[in-house]
Amino acid sequence: MRIFDPHIHMTSRTTDDYEAMYAAGVRALVEPAFWLGQPRTSPASFFDYFDSLLGWEPFRAAQHGIAHHCTIALNPKEANDPRCTPVLDALPRYLVKDSVVAVGEIGYDSMTPAEDTALAAQLQLASDHGLPALVHTPHRDKAAGLKRTLDVLRESDLPPDRVVLDHLNETTVGDATDSGCWLGFSIYPDTKMDPERMVRILRVHGTERVLVNSAADWGRSDPLKTLHVGEAMIAAGFSDDDVDQVLWRNPVAFYGQSGRLSLDIADPGALHEGNSILRGGE
Ligand SMILES: [Zn+2]
């Protein structure tokens, strides 16, 4: 099984995770820019984070045989903090970088006017840069959040086939399918979607335009949830080709729209800007 995790926050994961992911068949991933769990207090804090998503983290992933790309954005939660919103003006210089394959995560958290502004501005940036967009749907009040998201999308210049709506579940998959967007599902250990529920959705909606991710971060999560979905699909009678479509070809097709996906892992060498993953620089 070859696996592309289209949404995982490796910055908050360990080397053991990278090794386990490689052993499970993960050969590529996309790390979306998001919230750190505590508020950032200035744009400079974002810039160091973005630089890490563009430099150190791809270097670390390559040490473990995994191709790393990222998405860059001001996340919905911090779109409400006036200390952070100047980041919007700096995004264009990051969105031209080779390994940035989408604008994201954008979308709604609490559905405030500040989030409206940031979402519309960043959909425009995606359109201007020829990039797809990774749109997070809210974890609370999901149906209303999706409806408002789709209203803003319809007013934007970005066509629906360049958008993935993420964190979907049984209550939102119907409207998301009708929108023409790609469908993203985050599989968590004990809340929201699990592999069996994912398989039931695949039975009803098919495997077209579906992306399955672990969304693993600093919270309770599991970077092998993509593998578990593949195993549950096989157990439920899906073919190896169906699994390959969902876990590999669909994310390649979606992020490939950026024209920047590069799945060959060049030998990263032992040093990144003079630093190695070995403490003490062996
Ligand atoms: Zn995320």
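This text goes with the structure placed above it.
Residues numbered from 1 in each chain as written. Predicted model: local features only at pLDDT ≥ 70, side-chain atom pairs only at ≥ 80, totals over all residues.

Chemist: Before we move on, can you summarise the sheet that holds strand β2 (residues 26–32) with the specific residues and values?
Modeler: Overall, parallel pairing links the 8 strands, which are arranged β1-β2-β3-β4-β5-β6-β7-β8 in an open sheet. Unpaired on one side and paired on the other, β1 (3–5) and β8 (210–213) mark the two borders of the sheet. Direction aside, neighbouring strands of the sheet carry axes that sit 25 degrees apart on average. Of the pairings in the sheet, the one linking strand β4 (residues 100–107) to strand β5 (residues 133–136) comprises 3 bridges and is parallel in character. Looking at β5, one finds that Ile106 is bridged to Val135. Each of β2 and β3 (67–72) touches helix α3 (residues 56–63); the most contacted strand, β3, lies at about 155 degrees to it. (Pairing = 2+ DSSP bridges. Helix = DSSP H or I, 4+ residues; strand = E, 2+ residues; numbered from the N terminus. Axes fitted to C-alpha atoms, helices over the stretch in contact; angles between N-to-C directions. Contact = placed C-beta atoms within 7 Å.)

Chemist: Tell me about the environment of Val96, residues and numbers included.
Modeler: Along the polypeptide, Val96 turns up in the loop between α4 (87–95) and β4. Note on Val96: 10 C-beta atoms within 10 Å, which makes it exposed. Distance in space between the C-alpha atoms of Val96 and His129 is 7.4 Å, their sequence separation being 33 residues. (Buried ≥ 20, exposed ≤ 12 C-beta atoms within 10 Å, placed from the backbone.)

Chemist: Go over the pairing of strand β7 (residues 182–186), please, and point to the residues and values.
Modeler: For β7, the tally of buried residues reaches 5 of 5 residues, placing the bulk of the element in the interior. Of the two faces of β7, the one lined by Trp182, Gly184 and Ser186 and the one lined by Leu183 and Phe185 are each fully buried. With 2 bridges joining them, strand β6 (residues 163–166) and β7 adopt parallel strand pairing. If you follow Leu165 over to β7, its bridge partner there is Leu183. Crossover connection from β6 via helix α7 (residues 173–179) to parallel β7: handedness right-handed. When β7 meets β8, the two strands line up parallel, connected through 4 bridges. Residue pairing in the sheet places Leu183 in a bridge with Val210 of β8. At this point the chain moves from β7, through helix α8 (residues 195–205), to the parallel β8, and the crossover so formed is right-handed. (Right-handed = clockwise from strand over helix to strand, strands pointing away.)

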